[in-house]
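# Coordinates in review
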Amino acid sequence: MPNSSPIGIFDSGIGGLTLAHAITELMPNEPIIYFGDTAHLPYGDKSATAIQAYSVKICNLLLEKNCKLILIACNSASAAAYDLVKAYVGTKAIVVNVIDPVIQFLDQHWSGKMLGLIGTKQTVNSGIYSQKAEALRKDIHIKSLATPLLAPMIEEGFFNHTISEQIIKENLLQPVLQNIEGLILGCTHYPLIKKQIDQFYQGRVDVIDTSLIVANEIKRILESEDLLNKGKAGDRQFFVSDYTDSFEKSTQIFFGETIKLTQFPIWDW
Ligand code: DGL
């Protein structure tokens, strides 16, 4: 794998751009290929089987583009499809999900403490965070709540807004999330509402934005494999499986600037 090969990033839609942004901030020279599966979003309500099928197709595309590393920039797909994708990709590229780096971080910083987690139905119902922590025999305690309204609310541009404030409050006041010391944002859309969640807690609970944790882990992996791009800044390409103007406009929210989205011509999914 040449160092100049791109990092492939995929999500159900454009929420994973929060991670793409964190990666470009940390490693500005890295070429990036982003794929948002907007034709099938949201993944949070899909079956694991459907998410696995979509993920494998997307990986084919990212492998065709010679990606050196594939990041599953979606908690729902990381929960449902990581093992399958990793086996499928084999040695052709490094595969990273958004959950394992967070478990490592929690082990180092949150051992023995009570944590809350919010995410999609797929992520929360899978119990993946607790399972991974248990499998590693880590002393991490997580109480989870599915918050299916939050991702569509953010996609529609409702954050920093009285409506979003009300919905966030309703969710965070649920009994399961009481008496926690930290809250994991278990969906790649949620960095957008971190400020409002912080305002709700007023410092009583630490809100853990996982995008930086994952971006740092990718840098560590590429460094240790001697795969960081050593040449000049690489290209950034952004594909979606279903293009609309409104998706393109919304990229501003997630990436901090408007990005040109290209429709990827796949219609046999
Ligand atoms: N970005 C996805 C995740 O991290 C959530 C959005 C969706 O349901 O597709 O789980």
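That block above? That's the structure.
All values derive from a computational prediction rather than experimental measurement.

Attention now goes to the sheet that holds strand E2 (residues 32-36). With parallel pairing, 6 strands are arranged side by side in an open sheet as E4-E3-E1-E2-E9-E10. Unpaired on one side and paired on the other, strand E4 (94-97) and strand E10 (262-263) mark the two borders of the sheet. In this sheet, E2 lies alongside strand E1 (residues 7-11) in parallel orientation, the contact comprising 5 bridges. What sits directly across from Gly 8, in E2, is Ile 33. Running at roughly 170° to E2, helix H1 (residues 17-26) makes contact with E1, E2, strand E3 (69-72) and strand E9 (236-240) of the sheet.

Now for the site of the ligand. Residues in close proximity to the ligand include Asp 11, Ser 12, Pro 42, Tyr 43, Gly 44, Cys 74, Asn 75, Ser 76, Thr 120, Cys 187, Thr 188 and His 189, which together make up its full environment. Contact distances for the ligand include 2.6 Å between an oxygen atom and a side-chain N or O atom of Ser 12. Between the ligand and Gly 44 there is a distance of 2.8 Å, counted from an oxygen atom to a backbone nitrogen or oxygen. Isolated, the ligand exposes 300 Å² of accessible area, and the fraction of that covered by the protein chains is 98%.

Spatial strand order, E6-E5-E7-E8: 4 strands in an open sheet with parallel pairing. In the strand order of this sheet, the two ends are held by strand E6 (141-146) and strand E8 (206-208), each with one partner. Ignoring which end each strand starts from, the neighbouring axes of this sheet average 25° apart. Sheet topology places strand E7 (residues 182-186) next to E8; 3 bridges connect them, and they run parallel. In the sheet register, Gly 182 faces E8, and the bridge partner there is Asp 206.

Another point: the packing of helix H4 (residues 100-109) against helix H10 (residues 210-224). Put simply, H4 and H10 touch, their axes get as near as 9 Å, and they point 105° apart. Viewed along their axes, H4 and H10 adopt a mutual orientation that is roughly perpendicular. Residues Pro 101, Val 102, Gln 104 and Phe 105 of H4 form the contact with H10, whose own contacting residues are Thr 210, Ile 213, Val 214 and Glu 217. Split into classes, the residues belonging to the contact of H4 with H10 amount to 5 nonpolar, 2 polar and 1 charged.

Moving on to helix H3 (residues 75-89). Along an α-helix, a turn takes 3.6 residues, which lines up residues three or four apart on a common side. Of all the bends in H3, the greatest measures close to 70° and is centred on Ala 81. Of all the residues in H3, the buried ones are Asn 75, Ser 76, Ala 77, Ser 78, Ala 79, Ala 80, Ala 81, Tyr 82, Val 85 and Val 89. Looking one or two places after H3, you find Gly 90, whose phi comes out positive at around 60°.

Moving on to the pairing of strand E5 (residues 114-119). The element E5 is extensively covered by neighbouring structure, given that 5 of its 6 residues are classed as buried. Two elements, E5 and E6, share 6 bridges in a ladder whose sense is parallel. Residue pairing for E6: Leu 117 is matched across the bridge by Ser 144. Sheet topology places E5 next to E7; 5 bridges connect them, and they run parallel. Residue Ile 118 lies in a different strand from E7, and its bridge partner there is Leu 185.

Membership of the largest hydrophobic core comes to 68 residues, with the highest contact counts inside it found for Leu 71, Leu 183, Ile 197 and Ile 218. Element by element, the count of residues in this core is highest for H10, at 6 residues. Not counting chain neighbours up to four residues away, the residues in contact with Leu 71 comprise Gly 8, Ile 9, Phe 10, Leu 19, Ile 23, Val 96, Asn 97, Val 98, Val 214 and Ile 218. Core analysis: the next-biggest nonpolar cluster, separate from the first, contains 26 residues, Ile 51, Tyr 54, Ala 77 and Phe 239 among them.

A few words on the pattern of salt bridges. Considering all chains together, one arrives at 6 salt bridges under this definition. Between Lys 194 and Asp 198 there is a salt bridge, and its shortest N-O distance comes to 2.9 Å. Remark: Asp 198 and Lys 194 occur in helix H9 (residues 194-201); sequence separation between them is 4 residues, near one turn of the helix. Taking relative accessible area as the criterion, Asp 198 reaches 29% and is therefore assigned partly exposed.

One face of the sheet, then the other: side chains in a regular strand alternate in exactly this way. Pairing geometry for E2 and E9, over 5 bridges, is parallel. Each bridged residue has a counterpart across the sheet, and for Tyr 34 the counterpart in E9 is Phe 238. The pairing of E9 with E10 spans 2 bridges and is classified as parallel. Counted as the bridge partner of Phe 239 is Thr 262 from E10. Remark: the E9/helix H11 (residues 245-255)/E10 crossover connection has right-handed handedness.

Cut-offs used in this document
One numbering rule holds for all chains: residues counted from 1, following each sequence as written. The model is predicted, so local features are restricted to residues of pLDDT at least 70 and side-chain atom pairs to those at 80 or more, both for listing and for counting; the totals for chains, interfaces and linings are taken over all residues. Excluded from the side-chain calculation are hydrogens and water; included are all heavy atoms of the structure. Two strands qualify as a pair provided DSSP detects at least 2 bridges between them. Secondary structure elements follow DSSP: runs of H or I of four or more residues count as helices, runs of E of two or more count as strands, with numbering from the N terminus. When checking whether two residues touch, look at their non-hydrogen atoms; a contact exists if any pair is within 4.5 Å. Throughout, an axis means a line fitted to C-alpha atoms (over the contacting stretch in the case of helices), and angles, computed between N-to-C directions, take values from 0 to 180 degrees. A cutoff of 4 Å decides nearness: a residue is near a molecule or strand if any of its heavy atoms lies inside that distance of it. Polar contacts, as counted here, are pairs of nitrogen or oxygen atoms within 3.5 Å of one another; within protein the pair requires one atom able to donate a hydrogen and one able to accept it, and residues that are adjacent in sequence qualify only if both atoms are side-chain atoms. Per-residue and other accessible areas were derived by the Shrake-Rupley procedure at a 1.4 Å probe size, with only the shown protein chains allowed to occlude residues. Orientation is classified from the angle alone, with under 35 degrees giving roughly parallel, over 145 giving roughly antiparallel, 65 to 115 giving roughly perpendicular, and any other angle giving oblique. When residues are grouped by polarity, Ala, Val, Leu, Ile, Met, Phe, Trp, Tyr, Cys and Pro land in nonpolar, Asp, Glu, Lys and Arg in charged, and all others, Gly among them, in polar. At every residue, the bend is computed as the angle between two fitted axes, covering the seven residues ending there and the seven beginning there respectively. The rule is simple: take the accessible area with a 1.4 Å probe, protein chains only, and divide by the maximum for that residue type; under 20% is buried, over 50% is exposed, in between is partly exposed. Nonpolar cores were defined as sets of buried Ala, Val, Leu, Ile, Met, Phe, Trp, Tyr and Cys residues, with membership established by side-chain atoms within 4.5 Å. Should a side-chain nitrogen of Lys or Arg be within 4 Å of a carboxyl oxygen of Asp or Glu, the pair is scored as a salt bridge. Here the term right-handed applies to a crossover when the path leading from its first strand over the helix to its second strand runs clockwise, the strands being oriented away from the viewer.

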